[in-house]
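Coordinates in review
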Amino acid sequence: MKASKRKNKPGKIFILSGPSGSGKTTLLTRLIKDKKIAKSLVKSCSVTTRPRRPGEVQGKDYFFVGRDEFRRLLKAKKILEWTRYLGYYYGTPKGPVEKLLKEGKNLGLCLDLKGASTLKKIYPRNAVTIFVLPPSIGALKARIEGRCRETNKKEITQRLRLAQKEVLAASHFDYRVLNRNLRVALQETRKIFFKEKT
Ligand code: 5GP
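Presented here is a report on the structure given in the accompanying data block. Computed from a prediction, not measured in an experiment: that's the story for all the values here.

Some details on the sheet that holds strand E4 (residues 63-64)
Ordered by their spatial adjacency, 4 strands build an open sheet running E4-E3-E6-E5, and the pairing between neighbours is mixed. The outermost strands of the open sheet, each flanked by one partner alone, are E4 and strand E5 (79-85). Pairing between E5 and strand E6 (residues 88-93): 6 bridges, direction antiparallel. Bridge assignment links Trp 82 to a residue of E6, and that residue is Gly 91.

See below:
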């Protein structure tokens, strides 16, 4: 396609969803690091009231804000979609998403089921939904426990319970990727990207 034509085409939104611990964030991070993809895919950084985990970076993993700030952003209509997940708020900033799409950039987001469904409704032609499936409940439990070592047992149980419900929604997505082996799952996600990208 000619560069001038591509310029006028809005970008696509790649939404990775799936239970906590399915590996969707790792998949998106690796996809963006791929040499052939890096220039054409940008990660959208969400706003959240969840406390920062060790190793997470402000403005890279999330914009960590207090509840009042989150409410202010909502009221000012600066959030495109939002959800409440296990007591914390998460939202997609509107401005950057609209700007990047207009520029014809492809966007990558990791969202819960509600977020994936909202964005698909807002952008029916541009949103590509991918559900990342964990290989088993046992594997999921191990991943969640590993990640939540710093947090409490209650949160681990809640995330697992929710995960069991979430996998039932997989059939409503455009694509499903089984993450038994990260390398294979990445290859599949890459194929989807090249098939669908602007
Ligand atoms: P975590 O606390 O594990 O980082 O995220 C919890 C859940 O919230 C995950 O399913 C994650 O994909 C989802 N999430 C993160 N940011 C957003 C967002 O901006 N909107 C929605 N709807 N979900 C989000």
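Focus on the pairing of strand E9 (residues 175-178)
Residue alternation in E9 divides its side chains into a buried set, Tyr 175 and Val 177, and an unburied set, Arg 176 and Leu 178. The pairing of strand E8 (residues 127-133) with E9 spans 4 bridges and is parallel. The residue bridging Leu 133 from the neighbouring strand is Leu 178, located in E9.

Some thoughts on the site of the ligand
Around the ligand, the structure places 17 residues, and the nearest of them are Ser 46, Arg 50, Tyr 62, Glu 81 and Tyr 90. Separating an oxygen atom of the ligand from a side-chain N or O atom of Lys 24 is a distance of 3.4 Å. The separation between a nitrogen atom of the ligand and a polar side-chain atom of Asp 112 is 2.8 Å. Protein contacts shield 96% of the accessible area of the ligand, which totals 510 Å² for the unbound molecule. Where the shell around the ligand is concerned, the elements lending two or more residues are E5 and E6. Taken together, the residues that form the shell around the ligand break down as 5 nonpolar, 5 polar and 7 charged.

Procedures and definitions
- Residues numbered from 1 in each chain as written.
- Predicted model: local features only at pLDDT ≥ 70, side-chain atom pairs only at ≥ 80, totals over all residues.
- Heavy atoms only, no water.
- Pairing = 2+ DSSP bridges.
- Helix = DSSP H or I, 4+ residues; strand = E, 2+ residues; numbered from the N terminus.
- Buried < 20%, exposed > 50% of the residue type's maximum accessible area, 1.4 Å probe, protein only.
- Near = heavy atom within 4 Å.
- Polar contact = N/O pair within 3.5 Å; in protein donor to acceptor, adjacent residues only side chain to side chain.
- Areas by Shrake-Rupley, 256 points an atom, 1.4 Å probe, with all protein chains shown as cover.
- Nonpolar A, V, L, I, M, F, W, Y, C, P; charged D, E, K, R; others polar.

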